[in-house]
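What the coordinates show
Chain residues, written in single-letter form:
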Protein chains: 2
Amino acid sequence: MIKGPNLKRLAELAGVTPGTVSRALSGTGRVSDQTRQRIIALAESLEYQPNLLARTMRTRQTHTVGMLVPLGHDTLQHLSDPFFNTMSGFVADELAERGYDLLISRVIPRDNRWIENYANSGRVDGVLIIGQSNQLAVIEATSLRYRPMVVWGGQVSGQNHCAIGSDNRAGGMMAARHLLERGCRNIAFLGPVDGPEFGARLDGVRYALALAGVSQGPQVFSTHYEPAAAFEDALRMLGGLAQMPDGIIGASDVTAISVIRALARLGKSVPGEVKVIGYDGLPLGELVSPALTTIDQQLRLGARLMVETLLRRMAGEATGSKLIEPRLVCREST
Amino acid sequence: MIKGPNLKRLAELAGVTPGTVSRALSGTGRVSDQTRQRIIALAESLEYQPNLLARTMRTRQTHTVGMLVPLGHDTLQHLSDPFFNTMSGFVADELAERGYDLLISRVIPRDNRWIENYANSGRVDGVLIIGQSNQLAVIEATSLRYRPMVVWGGQVSGQNHCAIGSDNRAGGMMAARHLLERGCRNIAFLGPVDGPEFGARLDGVRYALALAGVSQGPQVFSTHYEPAAAFEDALRMLGGLAQMPDGIIGASDVTAISVIRALARLGKSVPGEVKVIGYDGLPLGELVSPALTTIDQQLRLGARLMVETLLRRMAGEATGSKLIEPRLVCREST
DNA sequence: TTGAAAGCGCTACCAC
DNA sequence: GTGGTAGCGCTTTCAA
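Residues numbered from 1 in each chain as written. Chains lettered and ligands numbered in written order. Predicted model: local features only at pLDDT ≥ 70, side-chain atom pairs only at ≥ 80, totals over all residues. Heavy atoms only, no water.

Counting its secondary structure elements, chain A contains 13 helices and 12 strands. By the compact-globule yardstick of 20 Å for 334 residues, chain A is too spread out, its C-alpha radius of gyration being 25 Å. Seen through its C-alpha atoms, chain A measures out along the principal axes to roughly 85 × 40 × 30 Å. In chain A, which comprises 334 residues, the share counted as buried stands at 55%. Counting contacts in chain A only where the partners sit at least 6 residues apart, residues at least 24 apart contribute 68% of the total. Surface exposure of chain A reaches about 14000 Å², of which carbon and sulfur atoms provide 51%. Each charge class in chain A can be summarised by its mean position, and for the 35 positive and 32 negative side chains these summaries are 7 Å apart. (Helix = DSSP H or I, 4+ residues; strand = E, 2+ residues; numbered from the N terminus. Rg over C-alpha atoms; globule rule 2.2 N^0.38 Å. Buried < 20%, exposed > 50% of the residue type's maximum accessible area, 1.4 Å probe, protein only. Contact = heavy atoms within 4.5 Å. Areas by Shrake-Rupley, 256 points an atom, 1.4 Å probe, with all protein chains shown as cover. Lys, Arg positive; Asp, Glu negative; His and termini not counted. Charge placed at Lys NZ, Arg CZ, Asp CG, Glu CD.)

Here's what the structure looks like:
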């Protein structure tokens, strides 16, 4: 590291005390215009760069938000996963606009205090939890004592922790209804069973089918989470079927895209023979061909809400959870 | 923030001095087994969490690496862009494995000292620069004074800064040769002209065509960087053509995927009527359909090399730049 | 083996 | 308006 001058040295050169320099540069407190000018000029000529760490240590404000990704032992969700990627990108964008940095940490929960330990390490002003994995109990318990925390996820009645997320059940219904409208009657639901919102989405699908009087509930196929593995799973499962579904709902966009690939490999046309809808609304879905119809969780909005809410909680405000309305984005795959 | 006990308080409770507690917990320095056991037990029972900031302040080691993304005024590259996304994900993975965190900061270069200012802020042990934008001069100048910095990008003879990147010219040649082998004779190159490695890749393409005796150099089309805009550009440009090329090289995977979409919209089959090859090797390319043939820059390897190299530079070692061999990944689009 | 004390660079408080 | 001074919580000499 190049060692620039520190505040103390600056004070010596200016012939004042550190306190005066601090006030002059920060603009807080009273300093005569003359000395202020002089100090500012000196600081610039010496290319003075304040040590943010020291400042943080005094002010206890890091201007940094931590993004924690708990890795359940079986959840092989890399930081490079498309969903997480997209989310962290949006969050980074939102934070950057507000002058905050993003500290990304992948953590393996070894005890029930991993969140607090992290928060107490003094490196962040607040935390965002993405991907609850199997840590819901810890999150809920932590929320009773640690305020500046916002979680990406759904809400359960009576829950204390602040969550921002989309209405997965409504989204599931929406997806099913869309396929029904498109004429599908033999509908399948495919994705990682242990995935975070799998259950609620499937519930919605089931409910919509029941409402529509489609006796045949969705066939459910469990795949891996990771894209390449999901593709293999889809290929094997769909390939082995006596009768191909005419509509497939992916539990996520990543899954749906894998399904489309598998169908292509099996010689089935999309949306001609099989219609496929995803869930998430990743920008990625727009790029693939056929472009993916999906239930859009509005992740950009979600990221903004998480950041806004977190900053308010950091300021001591009490905030409630928020449910984002999922939206159908109709593209080419249905 | 929940205020746990600090080291001083721990020392009081243990009936020793802070220094002793520090030595006992860090394992450095000599402490009798008995006191060590006692202190460790106490720390655990009180759920003592050291303040990493304070530690950092003394040791001057943050265990954090900064990833800087300079945003040139015209470069509309969000942190949520697929390439950047993928790269940051891989980097985060590699750092996490080595016990380092990743601090992502998007910076708008206002002067020629933005890198040093950031590095001197004391929050990171080293920096990774992704996407040089138009900041090559600053990067090179900084490298003369600031060592722990690694840049994603190519090498020029005489360059001082440490760069990890793939051989774009070789990659361009590889892409062109592949299309030639596939029988293409009317080849186009398409992408953002101001993109970082556009020039070198195009050079390689030109060279390979010349070598093969294809008199007709590639038609070059300039598109936007951002996916949606690139799609519109491709649609307009290709749609207006009297004769459609039989092979298209995208300057990036994102561009190539947009091209495939545009071709589908124009009723052209891929790879039947037009063959398309991308550049990058994003995992994304495997997901789309037809799966994208591409020149793989081996970003995961690149991320690992960047992290390894940076850590070595942080340790004071001198390291050279490294060129990654691009590889042809042949999938369905050619 | 342990204690005492200095200090990382900054801010904040209280005098003057 | 400015100076002096006391820390933030930790590590690391130097003595004892």
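Below, the discussion takes up the domain arrangement of chain A. We note that the domain assignment places domain 1 (7-50), domain 2 (64-166 + 299-325) and domain 3 (168-296) within chain A. Computed from C-alpha coordinates alone, the two centres of domain 1 of chain A and domain 2 of chain A are separated by 39 Å. (Domains from an automatic or database assignment.)

With that settled, consider the protein's contact with DNA strand D. Near DNA strand D there are 25 residues, and of these Thr 20, Ser 32 and Arg 58 of chain A together with Leu 7 and Tyr 48 of chain B occur at the shortest range. Sugar plus phosphate, as a fraction of atoms of DNA strand D within 4 Å of the protein: 64%. One of the backbone nitrogen or oxygen atoms of Ala 54 of chain B is found 3.5 Å away from a base nitrogen of DNA strand D. Breaking the surface near DNA strand D down by element, the ones donating at least two residues are helix 2 (18-26) and helix 4 (52-59) of chain A together with helix 2 (18-26) and helix 4 (52-59) of chain B. In terms of residues, the surface near DNA strand D owes the most to one element, helix 4 of chain B, which gives 4 residues. When its residues are assigned to classes, the surface near DNA strand D shows 7 nonpolar, 10 polar and 8 charged. (Near = heavy atom within 4 Å. Polar contact = N/O pair within 3.5 Å; in protein donor to acceptor, adjacent residues only side chain to side chain. Nonpolar A, V, L, I, M, F, W, Y, C, P; charged D, E, K, R; others polar.)

This part is about the packing of helix 2 of chain A against helix 3 (residues 33-45) of chain A. Residues and elements named next belong to chain A. Contact geometry of helix 2 with helix 3 gives a least axis separation of 9 Å together with a crossing angle of 85°. Viewed along their axes, helix 2 and helix 3 adopt a mutual orientation that is roughly perpendicular. Note on element contacts: helix 3 touches helix 2 through Arg 36, Ile 39, Ile 40 and Ala 43, opposite Thr 20, Val 21, Arg 23, Ala 24 and Leu 25. (Axes fitted to C-alpha atoms, helices over the stretch in contact; angles between N-to-C directions. Parallel < 35°, antiparallel > 145°, perpendicular 65-115°, else oblique.)

Time to look at the pairing of strand 5 (residues 163-166) of chain A. Residues and elements named next belong to chain A. Residues of strand 5 alternate between two faces, with Ala 163 and Gly 165 on one and Ile 164 and Ser 166 on the opposite face, all of them buried. Direction of pairing for strand 4 (residues 149-152) relative to strand 5: parallel, over a ladder of 2 bridges. By the bridge assignment for strand 5, Trp 152 is matched with Ile 164. The pairing of strand 5 with strand 11 (residues 322-324) spans 3 bridges and is parallel. (Pairing = 2+ DSSP bridges.)

Once that is clear, we can look at the relation of the copies chain A and chain B. By a simple turn and slide, chain A fits onto chain B: the slide is 0.1 Å along the axis, the RMSD is 0.1 Å, and the turn is 180°. Considering both components of the superposition, the chain copies are consistent with a two-fold axis. A shared binding surface is used by both copies, with 98% of the interface residues of chain A retained as interface residues in chain B. (Least-squares fit on C-alpha atoms with pLDDT ≥ 70 in both.)

Attention now moves to the sheet that holds strand 12 (residues 327-329) of chain A. Residue and element names in this part refer to chain A. If you trace the 6 strands from one edge of the open sheet to the other, you get 7-6-8-9-10-12, paired in mixed fashion. One side of each edge strand has no neighbouring strand; the edge strands of this open sheet are strand 7 (219-222) and strand 12. On average, adjacent strands in this sheet sit at an angle of 20° to one another, irrespective of strand direction. Of the strand pairs in this sheet, strand 6 (residues 187-191) and strand 7 are connected by 4 bridges, and their pairing is parallel. Looking at strand 7, one finds that Gly 191 is bridged to Ser 222. Relative to strand 9 (residues 275-280), helix 8 (residues 168-181) is tilted by about 165°, and along the sheet it contacts strand 6, strand 8 (247-250), strand 9, strand 10 (293-296) and strand 12. Relative to strand 6, helix 9 (residues 198-211) is tilted by about 175°, and along the sheet it contacts strand 6, strand 7, strand 8 and strand 9.

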